[in-house]
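# Chains, contacts and geometry: an overview
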Amino acid sequence: MEHSSLRWDAKYLNLQPVSPVGVTFRGLTIHNAEVASSSTAGAVADKPIGAAHHVAAVRTGGVKGRADMVSVGTIVWLASELMFFAALFAAYFHLKNVTTALAPAGTQTMWEWGSSHFLTVGPFSWTLPWFSLINTIILVLSSVTCQTGVWRAEHGQLNRTGSLLDFRKWGMREWYILTFLMGAVFLGGQAYEYANLINEGFTLTTNAYSSAFFLATGIHGLHVLGGLIAFLFMLARTYLTRRFTHEQQVHAIVTSYYWHFVDIVWIILFTVIYLLR
């Protein structure tokens, strides 16, 4: 039997051999470029007004039912960062236990000495680390403004739709700019606190407590600075492009992941270092 004359009835498979080594598959044949641009066959790339090239559909709408790799990668990376801060907390508590055990009975422990530098008398004669508490509230509230910006991004609202004084009409940009400013205020407050502590003789090399304090809060401050830089890059990207795409939306969301992580870590740090005696 000649192979070249062989024909299969393939009305269900839509399969037909046309040569001894070549087989043609008819039916669902999708080009790689089309797969990259849409989750379904036949999707047409969009071309924004003024753009030189078409924009793939996946960039404007994503792939339905598929987790975004940038989001997944960010979560995995933040999990590793969490382990890093967990190691810092472990070192902090170990130093506290060892130095407290070595302190003579009836004397002030190193941790009592260190925490006393943060305490001030405030309203109702309450002795608390008031300056650090206010700074913490600013950072926590910045997480609220950041999440509000995420909700605007998820609905595709990039800019405000009303007066700048009407925050209810703000878009993602306005909420993220406010978040950036609040984060910058927190960082400035931390620098001010460092300056006061150093003037009081509370430096990195004073003792184990001061070393642990500057190490933990300093590394967190670097993470806050990294978050502020991430906000700048994300906002600049929205100004440099002609339309708000799905990629920019994902960028805004993963930036919020990082910022929420920084806030949660600081709440734990503040409780452990400033409040626990």
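The structure reproduced in this document is the subject of the present report. Computed from a prediction, not measured in an experiment: that's the story for all the values here. (Residues numbered from 1 in each chain as written. Predicted model: local features only at pLDDT ≥ 70, side-chain atom pairs only at ≥ 80, totals over all residues. Heavy atoms only, no water.)

### A short note on the packing of helix α6 (residues 172-199) against helix α7 (residues 208-240)
Our working definition: All axes are obtained by fitting lines to C-alpha atoms, using only the stretch in contact for helices, and the reported angles, taken between N-to-C directions, cover 0 to 180 degrees. Secondary structure is summarised from DSSP: a helix means a run of H or I of at least four residues, a strand means a run of E of at least two, and numbering begins at the N terminus for each. Orientation is classified from the angle alone, with under 35 degrees giving roughly parallel, over 145 giving roughly antiparallel, 65 to 115 giving roughly perpendicular, and any other angle giving oblique. Should the near helix be turned anticlockwise from the far one by less than a right angle, the crossing is left-handed, and should it be turned clockwise, the crossing is right-handed.
At their nearest, the axes of α6 and α7 sit 10 Å apart, and the two run at 155° to each other. By the angle class used here, α6 and α7 are roughly antiparallel. Remark: the crossing between α6 and α7 carries left-handed chirality.

### Some points on the environment of threonine 127
Heads up, the rule is: Residue contacts follow a heavy-atom distance rule, with two residues in contact if any of their heavy atoms lie within 4.5 Å.
Take threonine 127: it is sitting in strand β4 (residues 127-128). In this structure, the C-alpha to C-alpha distance between threonine 127 and serine 116, residues 11 residues apart in sequence, is 9.9 Å. Ignoring any residue separated from it by four or fewer positions in sequence, one finds threonine 127 in contact with Leu119, Thr120 and Val121.

### Some details on the nonpolar core
Applied cut-off: Remark: nonpolar core denotes a set of buried residues (Ala, Val, Leu, Ile, Met, Phe, Trp, Tyr, Cys) joined through side-chain atoms within 4.5 Å. Relative accessibility under 20% of the residue-type maximum defines a buried residue, over 50% an exposed one, and the middle range a partly exposed one, all with a 1.4 Å probe and only protein chains included.
Counting residues in hydrophobic clusters, the biggest one holds 43 residues, and the most contacted among them are Phe118, Met172, Tyr176, Phe213 and Ile273. When contributions to this core are tallied by element, the ones reaching two or more residues are α3 (69-102), α5 (130-154), α6, α7 and α8 (246-275). For methionine 172, the contacting residues outside a window of four places in its chain are Gly149, Arg152, Ala153, Gln157, Leu158, Met234, Thr238, Phe244 and Ala252.

### Focus: a nonpolar patch on the surface
How we decide: Patch building starts from residues that exceed 30% relative accessible area and form no salt bridge, then joins like charges within 9 Å and nonpolar side chains (Val, Leu, Ile, Met, Phe, Trp, Tyr) within 5 Å. Note on areas: these come from Shrake-Rupley sampling with a 1.4 Å probe, and a residue is covered only by the protein chains present in the view. Salt bridges are identified by distance alone: a Lys or Arg side-chain nitrogen within 4 Å of an Asp or Glu carboxyl oxygen.
A contiguous nonpolar surface patch, about 420 Å² in accessible area, is contributed by Leu222, Leu225, Ile229 and Phe233. Given the relative accessible area of 41%, isoleucine 229 is considered partly exposed.

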